[in-house]
Amino acid sequence: MFRDQASALRLGAEGAPSLSAVRDPDGAATRTVAVSGGKGGVGKSNISLNLAAYLGELGHEVILLDTDFGLPNLDVLLGCIPNQSIGDVMRGRCAPDEALSPVMPGVRLLAGGELWSEEYSHREQARALLSALSVQMAGADYMIMDTQAGRAPAVMGLLMASEMAVMVTTPEPPALMDCYRTIKGLCRGGFEGEVGVVVNRAADREAKRTFGQLEHMVRSFLFRRIRLLTWIPDDPAVGRAVQQQIPLIRGFPDSRASQGIRRLGEAVTGEPTRSRNPARAFLRRLAKHMPGVGAEEGG
Ligand SMILES: Nc1ncnc2c1ncn2[C@@H]1O[C@H](COP(=O)(O)OP(=O)(O)OP(=O)(O)O)[C@@H](O)[C@H]1O
Ligand SMILES: [Mg+2]
């Protein structure tokens, strides 16, 4: 059955479903959280990984999707070698389920790797991505997406589709400005979900000051409300966990940075979903916002 599923989904397959026919993940109530921020190196991957680990510890079924398609590194942070990536599913090299690698209790990693290729049209590739995700999301409570730095159309598409956009910044002005510009991009695109902010590498007071600056800009110029989800102090335990290739909250559960991650987990789980079928709503929005695809849907 897996093989049939794989060949039906692969890029260029005859009779592959059109976007509007991508099947709903059966009854999946998957909440989708995209972790971004604009600037490189602010802590997005560590935060995505540890948020997923914490949600898994709470008993949720979590998919951790490495959407850094150019330079994926969640597998390196976890010290694991996933056999397959989302790109392999799209190319029919494996079935959707085979690409999900269990990496921690409750957490399955979906590795990034080569996704967009010149060989196929954007529309075709987005369709294959949607098909693969619609199968993989069944049974998952959360899908946490780690995005690459910048505001490439594919990154913005994933953010626009997510139920919650977690924007990571540090107190440094370039990081704050990149974060603001990304939020501006979301507002311009008509983002309807929640915009949450994580101030990383800052203690309590500095984080609140940083958030205050961002909130002021967003309120004054974009007329939008944002929420501080957590702050995470600069903590040597983060570097040690990276060195040892273990999630911080498992290796150093009592560290101050781990406390910050748990605050983030509480904020994410405490936010009620606005949709009756959040997985389907996510796929519909993704179909609309992925580059080169909206035209097909919009007809
Ligand atoms: N709170 C923290 N305390 C100390 N070090 C941190 C903290 N957060 C992140 N780091 C360090 O910052 C570096 C970059 O982190 P990470 O790879 O998670 O950032 P990123 O935003 O995903 O980067 P990229 O844009 O390249 O994908 C890592 O070496 C990590 O150890
Ligand atoms: Mg990263």
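Everything here concerns the structure above.
Residues numbered from 1 in each chain as written. Chains lettered and ligands numbered in written order. Predicted model: local features only at pLDDT ≥ 70, side-chain atom pairs only at ≥ 80, totals over all residues. Heavy atoms only, no water.

Chemist: Looking at this structure, I do not really get the sheet that holds strand S4 (residues 107-110). What am I missing?
Modeler: Strands belonging to one sheet form pairs held by backbone hydrogen bonds; the direction of such a pair is parallel or antiparallel. Across the sheet, which stays open at both edges, the 8 strands sit in the order S3-S4-S2-S5-S1-S6-S7-S8 with mixed pairing between neighbours. Each end of this open sheet is capped by a strand with a single partner; those strands are strand S3 (101-104) and strand S8 (227-232). Across the sheet, the mean angle separating the axes of adjacent strands is 25° when strand polarity is ignored. By the bridge criterion, 4 bridges tie strand S1 (residues 31-36) to strand S6 (residues 164-169) in an arrangement that is parallel. Directly across from Val 33, in S6, lies its bridge partner Met 164. The strands touched by helix H11 (residues 256-270) within the sheet are S1, strand S5 (142-146), S6, strand S7 (194-200) and S8, with S8 carrying the most contacts at an inclination of about 160°. (Pairing = 2+ DSSP bridges. Helix = DSSP H or I, 4+ residues; strand = E, 2+ residues; numbered from the N terminus. Axes fitted to C-alpha atoms, helices over the stretch in contact; angles between N-to-C directions. Contact = heavy atoms within 4.5 Å.)

Chemist: Can you walk me through the side chain of Thr 147 in this structure?
Modeler: Along the chain, Thr 147 falls in the loop between S5 and helix H6 (153-161). Given the relative accessible area of 1%, Thr 147 is considered buried. There is a polar contact of 2.8 Å between the side chain of Thr 147 and the backbone oxygen of Val 35. At a separation of 3.5 Å, a polar atom in the side chain of Thr 147 contacts the side chain of Ser 36. (Buried < 20%, exposed > 50% of the residue type's maximum accessible area, 1.4 Å probe, protein only. Polar contact = N/O pair within 3.5 Å; in protein donor to acceptor, adjacent residues only side chain to side chain.)

Chemist: How do you make sense of unusual backbone geometry when you look at a structure like this?
Modeler: When glycine is set aside, most residues are seen to have a negative phi, and most peptide bonds are trans. Positive phi, close to 55°, is recorded for Phe 223, a residue that is not glycine. Tracing the backbone shows Phe 223 in the loop between helix H8 (204-222) and S8. Accessibility expressed as a relative area gives 71% for Phe 223, which makes it exposed.

Chemist: Please explain the environment of Asp 234 as it appears in this structure.
Modeler: Mapped onto the elements, Asp 234 comes out in the loop between S8 and helix H9 (236-244). C-alpha of Asp 234 to C-alpha of Thr 170: the two residues are 64 residues apart in sequence and 9.8 Å apart in space. Reaching out from Asp 234, the side chain makes a polar contact with the side chain of Arg 201 at a distance of 2.7 Å.

Chemist: What exactly am I supposed to notice about the packing of H6 against helix H12 (residues 278-289) here?
Modeler: For any two helices packed against each other, the geometry comes down to the angle between their axes and how far apart the axes lie. Orientation of H6 relative to H12, taken along the N-to-C sense of each, is 150°, at an axis distance of 8 Å. Overall, the two elements H6 and H12 adopt an arrangement that is roughly antiparallel. H6 and H12 meet at a crossing whose hand is right-handed. Listed contacts from H12 to Gly 157, Leu 158, Met 160 and Ala 161 of H6 are Phe 282, Arg 285, Leu 286 and His 289. The residue inventory of the contact of H6 with H12, partitioned by class, reads 5 nonpolar, 2 polar and 1 charged. (Parallel < 35°, antiparallel > 145°, perpendicular 65-115°, else oblique. Left-handed = near helix turned anticlockwise from the far one by under 90°. Nonpolar A, V, L, I, M, F, W, Y, C, P; charged D, E, K, R; others polar.)

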